[in-house]
Amino acid sequence: HMKRFESREWRDSMRLRVDYNNMMQEFVGMRGIGAAMLAEQRPQYEAAALRMEEKRGEMKWRQLPFNQSEVVHQILETAAWVRRNCDAFVVLGIGGSALGPIAVQQALSHLRYNDLPAAKRSGPKLYVEDNIDPERMASLMDVIDPARTVFNVITKSGSTSETMSQLLWATDFLKNAVGDAWREHVIATTDAEKGNLIKIAKENDLRTFFVPDGVGGRFSELCPVGLLAAAVCGIDIEELLAGAAYMDALCSEQDALKNPAYILAALEVLAMKQGCNISVLMPYADSLRFMSDWYAQLWAESLGKKLVKDGKVLRFGQTPVKSLGVTDQHSQVQLYTDGPFDKTITFISVEKYRSDVAVPHVFDDIPGIAFLSGHSLGELISAEFRATEHAVTVSGHMNKNIIMPEVNEFTLGQLIMLFEMQTAFAGELLGIDAFDQPGVEEGKNATYALLGKPGYEAKLDELKKAEEAKKKLIV
């Protein structure tokens, strides 16, 4: 049985396209990017494209669409077992271990998946617990039956305080319900060698999946971190990976102006240099609303960096903002059209929605609303996208559009790879390491100190002094 993505014709019909006309001066006026500016940067783009090729082997996330056939087989077997044996699948993870699974589930499953009766659902209910708010974790106990639940605990380091706290809680919750059988209800996704979670998994003979070496959290959606939850819910993970592979080929084009990811990065970096320190992502599809959260981590954590060069501290980064069309036309677009020129907007438009709803003739005697009748909500959302794009453009604000033929596994795989490649290329252009996150360490260390982790006594002392000094400015 041939899968649709095995047809070249179908793959090409699902190709994502990048429309960057509205980034250019020709369309937005002098605040846009001039063709001469792009031409001037060509040598930098060529050099960065060359470095991307040289570093290809180091960028392990780029190999994920090509080197996981065995892992995918194991994931599909495990997912089938989960579907047979449980009513709820709970992901315990934070940051890169959660944002991808949430975004992919929203994009590709029924939009009210958890509310569907079991017979209409393609898998168990999915809960992704990416916070440790105690009210939230307590509320989960009210909606799941531990005997019919599988927990997937995901942390590459195996020492993420939030996730490990959740694991301690879940293990206790399960032990109280099913005793020694708790081990059947926990799947660990972590590093193959290092960390506490792999130790726990080995000691307790847990089902285990590995985060490949060199794949950082925010680049991990296309490895078991994201693929297991997707497969459990009946999403075609082979097609997702095929879409990523297709985009990887498009992004192997050395000419930055013909490479979808490189041109996105090049324009964004030029805009940053012109004072656009905010990057708005505005998909016109509810299915893509959480792609904005996933993108926000990718863009913020990869490019938000401090470098010391020649004794000077340089700070990089562009603040990602999530927006949703049409919803945020009624909350944010006023700012985007009439506000300052400090942001770029990236729209994602969908050419064909998976369903449509007719607007029927009901109040035809009222001309002010009768014009809507005979159209459909699909027509309306597409018209509103075009109208917003126009309004933003004529007000002189730079914007671009990623065109998705429809939202499916193949196009979403492309979108994930497109954003990852864009981020990596932007890092090359800025001369920073897009794959580390040193700024997260200070907060982690302070948390360890406050909770009494051995070896953090000096940090605790520092925190106590800081808190003491603050008392006078609390009103």
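Everything numeric in this text was worked out from a predicted model, so none of it was measured.

Visitor: Could you clarify how one ought to interpret the environment of Met-30 in this entry?
Guide: Tracing the backbone shows Met-30 in the loop between helix H2 (25-28) and helix H3 (35-54). Separated by 239 residues in sequence, Met-30 and Val-269 place their C-alpha atoms 17 Å apart.

Visitor: What's the story with the layout of surface pockets in this structure? I'm lost.
Guide: If a probe the size of a water molecule is rolled over the atoms, the empty space left behind becomes visible. Size it by volume and the largest pocket reaches roughly 1100 Å³. Around the largest pocket, the lining comprises 46 residues; the ones closest to its centre are Gly-217, Arg-218, Glu-301, Gln-437 and Lys-444. Contributions of two or more residues to the lining of the largest pocket are made by helix H7 (161-178), helix H12 (291-303), helix H16 (409-430) and helix H17 (441-450). Sorting elements by how many residues they give to the lining of the largest pocket places H17 first, with five residues. Taken as a whole, the second largest pocket spans an internal volume of roughly 590 Å³. The wall of the second largest pocket is formed by 21 residues, among which Leu-111, Asp-286, Tyr-353, Arg-354 and Ser-355 lie closest to the centre. Counting residues per element, the lining of the second largest pocket draws most heavily on helix H15 (residues 377-394), at four residues. Class assignment for the residues of the lining of the second largest pocket results in ten nonpolar, seven polar and four charged.

Visitor: I'm lost on the pairing of strand E11 (residues 343-350) in this one. Help?
Guide: Two faces make up the sheet, and in a regular strand the side chains alternate between them. In terms of burial, E11 is largely enclosed, as eight of its eight residues are buried. Covered by surrounding structure in E11 are Lys-343, Ile-345, Phe-347 and Ser-349 together with Thr-344, Thr-346, Ile-348 and Val-350, the residues of both alternating faces. The pairing of strand E7 (residues 278-283) with E11 spans six bridges and is parallel. Within E11, the position partnered with Pro-283 by the bridge is Ile-348. Here six bridges tie E11 to strand E12 (residues 399-404), and the two strands are oriented parallel to one another. Looking at E12, one finds that Ile-345 is bridged to Asn-399.

Visitor: Would you mind showing me how to read the side chain of Asn-408 here?
Guide: Secondary-structure assignment places Asn-408 in the loop between E12 and H16. According to the relative accessible area criterion, Asn-408 is buried, its value standing at 3%. Within the local environment of Asn-408, its side chain forms a polar contact with the backbone nitrogen of Phe-410, the two atoms lying 2.9 Å apart. At a separation of 2.8 Å, a polar atom in the side chain of Asn-408 contacts the main-chain amide nitrogen of Thr-411. Apart from the residues within four sequence positions on either side, Asn-408 is in contact with Arg-4, Trp-10, Met-14, Leu-108 and Glu-239.

Visitor: Explain the packing of helix H10 (residues 237-250) against H16 here, please?
Guide: Helices that pack against each other are described as a pair by the angle of their axes relative to one another and the distance between those axes. The interhelical angle for the contact between H10 and H16, taken along N-to-C directions, is 50°, at an axis separation of 6 Å. Between H10 and H16, the angle is such that the two are oblique. Crossing handedness for the pair H10 and H16: right-handed. Taking contact as the criterion, the partners of Glu-239, Leu-240, Ala-242, Gly-243, Ala-244, Tyr-246, Met-247 and Asp-248 in H10 are, on H16, Glu-409, Phe-410, Leu-412, Gly-413, Gln-414, Met-417 and Leu-418. Looking at the contact of H10 with H16, its residues break down into nine nonpolar, three polar and three charged.

Visitor: Help me understand the packing of aromatic side chains in this model?
Guide: One pass over the structure, following the stated rule, counts 15 aromatic pairs. Ring geometry for Phe-151 versus Trp-169: centroids 6.2 Å apart, planes at 85°, classification edge-to-face. Of this pair, Phe-151 sits in strand E4 (residues 149-154) while Trp-169 sits in helix H7; the two residues are 18 residues apart in sequence, bridging distant segments of the chain. Residue classification places Phe-151 among the buried residues on the basis of a relative accessible area of 1%. Both rings, one in Phe-219 and one in Phe-435, keep their centres 5.3 Å apart while their planes meet at 55°; by these two values the pair is tilted. Linking Phe-219 in the loop between strand E6 (207-210) and helix H9 (224-232) with Phe-435 in the loop between H16 and H17, this pair joins segments that are 216 residues apart in sequence. Accessibility expressed as a relative area gives 2% for Phe-219, which makes it buried. Taking relative accessible area as the criterion, Phe-435 reaches 35% and is therefore assigned partly exposed. Within the aromatic cluster, the residues linked to one another by ring pairs are Trp-294, Tyr-295, Trp-299 and Phe-419. Above the plane of the ring of Phe-290 lies Arg-289, whose end atom (NZ or CZ) is 5.9 Å from the centre.

Visitor: I keep staring at the sheet that holds E12 and nothing clicks. Help me out?
Guide: Picture the strands of a sheet paired through backbone hydrogen bonds; they go either parallel or antiparallel. Sheet architecture is open: five strands sit in the order E1-E12-E11-E7-E10, paired in mixed fashion. Each of the sheet's edge strands pairs with one partner strand only, and the pair in question is strand E1 (17-19) and strand E10 (319-322). On average, each strand axis in the sheet is tilted by 20° relative to the strand beside it, whichever way the strands run. Bridge analysis of E7 against E10 gives four bridges, and the strand direction is parallel. Following the sheet pairing, Val-280 is matched in E10 by Val-321. Against the sheet, H16 engages E1, E7, E11 and E12, with an angle of about 145° to E12.

What counts as what
- Residues numbered from 1 in each chain as written.
- Predicted model: local features only at pLDDT ≥ 70, side-chain atom pairs only at ≥ 80, totals over all residues.
- Heavy atoms only, no water.
- Helix = DSSP H or I, 4+ residues; strand = E, 2+ residues; numbered from the N terminus.
- 1 Å grid on protein atoms, 1.4 Å probe; cavity = no way out; pocket = protein on both sides within 12 Å on 5 of 7 lines; lining within 4 Å.
- Points joined across faces, edges and corners; volume = space filled by probe spheres on them.
- Nonpolar A, V, L, I, M, F, W, Y, C, P; charged D, E, K, R; others polar.
- Buried < 20%, exposed > 50% of the residue type's maximum accessible area, 1.4 Å probe, protein only.
- Pairing = 2+ DSSP bridges.
- Polar contact = N/O pair within 3.5 Å; in protein donor to acceptor, adjacent residues only side chain to side chain.
- Contact = heavy atoms within 4.5 Å.
- Axes fitted to C-alpha atoms, helices over the stretch in contact; angles between N-to-C directions.
- Parallel < 35°, antiparallel > 145°, perpendicular 65-115°, else oblique.
- Left-handed = near helix turned anticlockwise from the far one by under 90°.
- Phe/Tyr/Trp six-rings, centres within 6.5 Å; stacked < 30°, edge-to-face > 60°.
- Lys NZ or Arg CZ within 6 Å of the ring centre and 35° of its normal.

That is the geometry; function is a separate question.
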